[in-house]
Amino acid sequence: MEKMMNSLLSWLNLTCEDTSPLISEMMDHRVSFIKGLKIKIHLAMCEVCLYYKEQLGIIRNLSQNLGREDFPVNINATLPAESKEKIKKMIEANK
Amino acid sequence: MNKQEIDANQWVDRYGDLMYRYTLVRVRDQGAAEEIVQVTFLAALQATHTYAGRSSEKSWLFGILKHKILDHFREIKKNRTFDLSPDDDQDPCEYDSMGHWKKMPKDWRLDPEKSAENQELTEKLVLCLDDLSDKFRQIFVLKEIDGVSSEQICNEFNIKPTNLWVILHRTRNQLKNCLEIHWFDGKKQE
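This one's a predicted model, so the numbers in the text were calculated from it and none came from an experiment. (Residues numbered from 1 in each chain as written. Chains lettered and ligands numbered in written order. Predicted model: local features only at pLDDT ≥ 70, side-chain atom pairs only at ≥ 80, totals over all residues. Heavy atoms only, no water.)

Visitor: Is there a simple way to explain the overall build of chain B in this structure?
Guide: The helix and strand inventory of chain B stands at seven helices and zero strands. What you see in chain B, going N to C, is helices and strands ordered as α-α-α-α-α-α-α. Reported as C-alpha extents along the three principal axes, the dimensions of chain B are approximately 70 × 40 × 30 Å. In chain B, which comprises 190 residues, the proportion classed as buried is 50%. The long-range fraction of contacts in chain B, counting pairs at least 24 apart against all pairs at least 6 apart in sequence, stands at 74%. Split by element, the accessible area of chain B, about 9,800 Å² in all, is 48% carbon and sulfur. (Helix = DSSP H or I, 4+ residues; strand = E, 2+ residues; numbered from the N terminus. Buried < 20%, exposed > 50% of the residue type's maximum accessible area, 1.4 Å probe, protein only. Contact = heavy atoms within 4.5 Å. Areas by Shrake-Rupley, 256 points an atom, 1.4 Å probe, with all protein chains shown as cover.)

Structure below.
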């Protein structure tokens, strides 16, 4: 009985190396029930992987926000003046 | 009907910088970004008759811009594969023989839900994006910045789904390491 329990535990018990790609994968598609359970068990015991999961969540939210049309990033980047002139001339010629 | 008019003479001054910045987040090369903005305005001029006035002039132009950026990615795809190849970087995170992290992820002490508006962190993310290889950057941009579905990315860029997970995992790990060094570790010293 004890032997069976131990083998069940070792089957359920993922390492951090096993869990890390699964945490990432979980963000992109649904994983199987068993996989999901294994991840949950590992995360319940491993604080460090929980931090990792949070970090990936933060990166995702930042990225989505970065994608907005009016997001004020690269605020100093402006279309170079010569490019603007060129485009204005092109617009004038093609109107 | 109060149809919005198009004023092409004002386009560059009104939207040029905004569109350029938007493109620069997605396409790191400045020359390419300038060209995409130019091509967008030209396409818009030729399509003024399709402008129905339902959306604002700005969102109409951004709609065209998004297509042109995707066209740019498609053009790159013609010359090389987007799928995982042997010369791609290995997982940037390392583990010991027991499968433990060699460098443990740290508690960033941020609420993931509230972190999106963090300007300082976003600026670092933009820098970290530029450290990625072209391929990884483009796939990450499509998936996470533009929210294109995995299926569409795999189909359009001929990537096997399992390889897409590997690419995204490595990219996220690289970004996480980069942010940890340039943002989190830096903050501790302040």
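Visitor: What am I meant to see in the nonpolar core here?
Guide: Soluble globular proteins: nonpolar side chains tend toward being buried together. Counting 67 residues, the largest nonpolar core has A:Ile91, B:Trp11 and B:Phe41 as the members making the most contacts within it. At nine residues, the largest contribution of residues to this core is made by helix H7 (residues 161-189) of chain B. Both domains that furnish three or more residues to this core are identified here as domain 1 (8-79) and domain 2 (81-190) of chain B. Apart from the residues within four sequence positions on either side, A:Ile91 is in contact with B:Ala8, B:Trp11, B:Val12, B:Phe41 and B:Leu45. Among the nonpolar cores identified, the runner-up in size contains 16 residues, and A:Val31, A:Ile39, A:Cys49 and A:Leu56 belong to it. (Core = buried A, V, L, I, M, F, W, Y, C linked by side-chain atoms within 4.5 Å. Domains from an automatic or database assignment.)

Visitor: Where do I start with the state of the cysteines in this structure?
Guide: One covalent bond between the sulfur atoms of two cysteine residues makes up a disulfide. Residue and element names in this part refer to chain B. In the structure shown here, the tally under the stated rule is one disulfide over all chains. Here Cys 128 engages in a disulfide with Cys 178; their sulfurs sit 2.1 Å apart. In this structure, the disulfide formed by Cys 128 and Cys 178 twists by about -80° around the S-S bond and is classed as left-handed. Separated by 50 residues along the polypeptide, Cys 128 in helix H4 (residues 119-129) and Cys 178 in helix H7 bring together distant segments of the chain. By the burial criterion, Cys 128 is buried, and Cys 178 matches it. (Disulfide = S-S within 2.5 Å.)

Visitor: Would you mind showing me how to read the domain arrangement of chain B here?
Guide: A common measure of how large an interface is: the accessible area buried when the components associate. Residues and elements named next belong to chain B. Segmenting chain B into domains produces domain 1 (8-79) and domain 2 (81-190). Listed per partner, the contact involves eleven residues of domain 1 and 16 residues of domain 2. Here domain 1 packs against domain 2, burying approximately 1,200 Å² in sum over the two surfaces, 53% of which is carbon and sulfur. Among the residues domain 1 hides against domain 2, the three largest losses belong to Arg 28, Phe 73 and Lys 77. Together they make up 54% of the total. Counting the contacts that link domain 1 with domain 2 gives three salt bridges. A salt bridge links Arg 28 to Asp 134; the shortest N-O distance between them is 2.7 Å. Applying the counting criterion to the domain 1 and domain 2 interface returns eight residue pairs in polar contact (both at pLDDT 80 or more). Those elements that provide at least two residues to the side of domain 1 that touches domain 2 are helix H1 (11-26) and helix H3 (57-79). (Buried area = accessible area lost by both parts, 1.4 Å probe. Salt bridge = Lys/Arg side-chain N within 4 Å of Asp/Glu carboxyl O. Polar contact = N/O pair within 3.5 Å; in protein donor to acceptor, adjacent residues only side chain to side chain.)

Visitor: Even after reading the chapter, I still don't get the interface of chain B and chain A, so can you show me in this structure?
Guide: On the chain A side, the residues contacting the 62 residues of chain B number 49 residues. For the pair chain B and chain A, the summed buried area comes to about 5,100 Å², and 63% of that belongs to carbon and sulfur atoms. Our enumeration of links across chain B and chain A arrives at seven salt bridges. In this structure, the salt-bridge partner of B:Asp17 is A:Lys84, at a minimum N-O distance of 3.1 Å.

Visitor: So what exactly am I meant to see when it comes to the packing of H1(B) against helix H2 (residues 30-46) of chain B here?
Guide: Residues and elements named next belong to chain B. At a closest axis distance of 9 Å, the pairing of H1 and H2 adopts a crossing angle of 135°. Taken together, the axes of H1 and H2 lie oblique to each other. H2 is crossed by H1, and the crossing has right-handed handedness. Across the interface between the two elements, Trp 11, Val 12, Gly 16, Met 19, Tyr 20, Thr 23 and Leu 24 from H1 touch Gln 30, Ala 33, Glu 34, Ile 36, Val 37, Thr 40, Phe 41, Ala 44 and Leu 45 from H2. Split into classes, the residues belonging to the contact of H1 with H2 amount to eleven nonpolar, four polar and one charged. (Axes fitted to C-alpha atoms, helices over the stretch in contact; angles between N-to-C directions. Parallel < 35°, antiparallel > 145°, perpendicular 65-115°, else oblique. Left-handed = near helix turned anticlockwise from the far one by under 90°. Nonpolar A, V, L, I, M, F, W, Y, C, P; charged D, E, K, R; others polar.)

Visitor: Would you mind going over helix H4 (residues 47-66) of chain A with me for this structure?
Guide: Each turn of an α-helix holds 3.6 residues, which means side chains three or four residues apart point in the same direction. Under the 1.5 Å per step criterion, the end-to-end length of H4(A) is 29 Å for 20 residues, consistent within 8% with the ideal 28 Å. The buried count for H4(A) comes to 15 of 20 residues, which makes it a mostly enclosed element. (Expected span 1.5 Å × (residues − 1).)

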